[in-house]
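Descriptive structure summary
Listed below, chain by chain, are the residues.
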Amino acid sequence: MPLVTTTEMFKKAYDGGYAIGAFNVNNMEIVQGITEACRETKSPVILQVSKGARAYANHTYLVKLVEAALLECPEIPIALHLDHGPDFETCKACIDGGFTSVMIDGSSKSFEDNIALTRQVVDYAHDHGVVVEAELGVLAGIEDDVRVSAEDSSYTKPEEVEEFVSRTGCDSLAIAIGTSHGAYKFKPGTDPHLRFDVLHEIEKKLPGFPIVLHGASSVPQEFVAMINKYGGNMPGAIGVPEDQLREAARSAVCKINIDSDIRLAMTATIRQFLAEHPDKFDPREYLKPARQAVKDMVHHKIVDVLGSDNRI
Ligand code: G3H
Ligand code: 13P
Ligand code: ZN
């Protein structure tokens, strides 16, 4: 089937008490690993592309890789989404260039400026049959070249969400409830927990409306240990416990973004392979197990965290 928007996916996910995985794609092996896992588990999926991914791999290459996945996996609903669109121009380029969904990330702006920018993107996107994710509240961590410290992050204010959604016309809303980007989400020794009270307040204000969680990697400790064993150095890398994400997926959260876990799985696998085979130099030999690690990771997320298996 052709690329789809997220409208139908989110409606089913909301009603069914599960979430759609949104996985970042940067190269062929990642696209293949993710979509093969989705085909095996019969799961819809959102493939998302950041500004950094477009700078690294080039817009056309990424779109064509996703088109190849559509041909290989015709039974899987796939949406192609711009992750953290920084401005109107980038959103427009993706809307004009074949994406079915864009995020405009105005979360660092004032409430009024975020609304104005989001409204501008929504008007253009909706005229072209594309849906829009907006963000209210500020996550900690690193996304593209922007670093936000824990002190500068702030939870989404439930009292603002109705006005924001009605004035912007956005189709889904990313909120800040304690997740953050990257591999260092919580301080070692602290008890990582999401603010479900904030999420439930927001759900009450926006009945039936799809909520998005960014920064939702769990940073599996076996991969951190593998990276550290084979020459890496990632002390204190900690993610969101998967049982909390499973709980979020049962609520109004219809889209859960996972990128760092895929990066960790690939890097750990490549480090191990090269350490154990110091004579090998063919990239296919180490990218093959890395692609398998992506597939295994996505399979696990779909079945054990998102609950999106057997939903097509
Ligand atoms: O939130 C950001 C995603 O993990 C994408 O990361 O900007 O390094 O491509 P990136
Ligand atoms: P992680 O860094 O937790 O994987 O978050 C990814 C993300 O939110 C992409 O937008
Ligand atoms: Zn994000």
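Reference entry: report on the structure contained in this document. (Residues numbered from 1 in each chain as written. Chains lettered and ligands numbered in written order. Predicted model: local features only at pLDDT ≥ 70, side-chain atom pairs only at ≥ 80, totals over all residues. Heavy atoms only, no water.)

1. Here we look at the site of ligand 2
Surrounding ligand 2, one finds 16 residues, the nearest of these being D83, K185, S217, D259 and S260. Between ligand 2 and D83 there is a distance of 2.7 Å, counted from an oxygen atom to a side-chain nitrogen or oxygen. K185 has a polar side-chain atom sitting 2.5 Å from an oxygen atom of ligand 2. Notes on ligand 2: free accessible area 310 Å², of which the protein chains cover 96%. Secondary-structure elements contributing two or more residues to the shell around ligand 2 are β3 (78-85) and β10 (253-258). In terms of residue class, the shell around ligand 2 is made up of two nonpolar, 11 polar and three charged. (Near = heavy atom within 4 Å. Polar contact = N/O pair within 3.5 Å; in protein donor to acceptor, adjacent residues only side chain to side chain. Areas by Shrake-Rupley, 256 points an atom, 1.4 Å probe, with all protein chains shown as cover. Helix = DSSP H or I, 4+ residues; strand = E, 2+ residues; numbered from the N terminus. Nonpolar A, V, L, I, M, F, W, Y, C, P; charged D, E, K, R; others polar.)

2. Brief notes about the sheet that holds strand β2 (residues 45-50)
Within the closed barrel, the eight strands sit side by side as β1-β2-β3-β4-β5-β8-β9-β10. Their pairing is parallel. Across the sheet, the mean angle from the axis of one strand to that of its neighbour is 25 degrees, orientation sign disregarded. Pairing between strand β1 (residues 20-24) and β2: three bridges, direction parallel. When the bridges of β2 are listed, F23 appears paired with L47. Across the sheet, helix α4 (residues 59-72) touches β2 and β3, and the angle it forms with β3 is around 155 degrees. The strands touched by helix α10 (residues 242-249) within the sheet are β9 (211-213) and β10, with β10 carrying the most contacts at an inclination of about 145 degrees. (Pairing = 2+ DSSP bridges. Axes fitted to C-alpha atoms, helices over the stretch in contact; angles between N-to-C directions. Contact = heavy atoms within 4.5 Å.)

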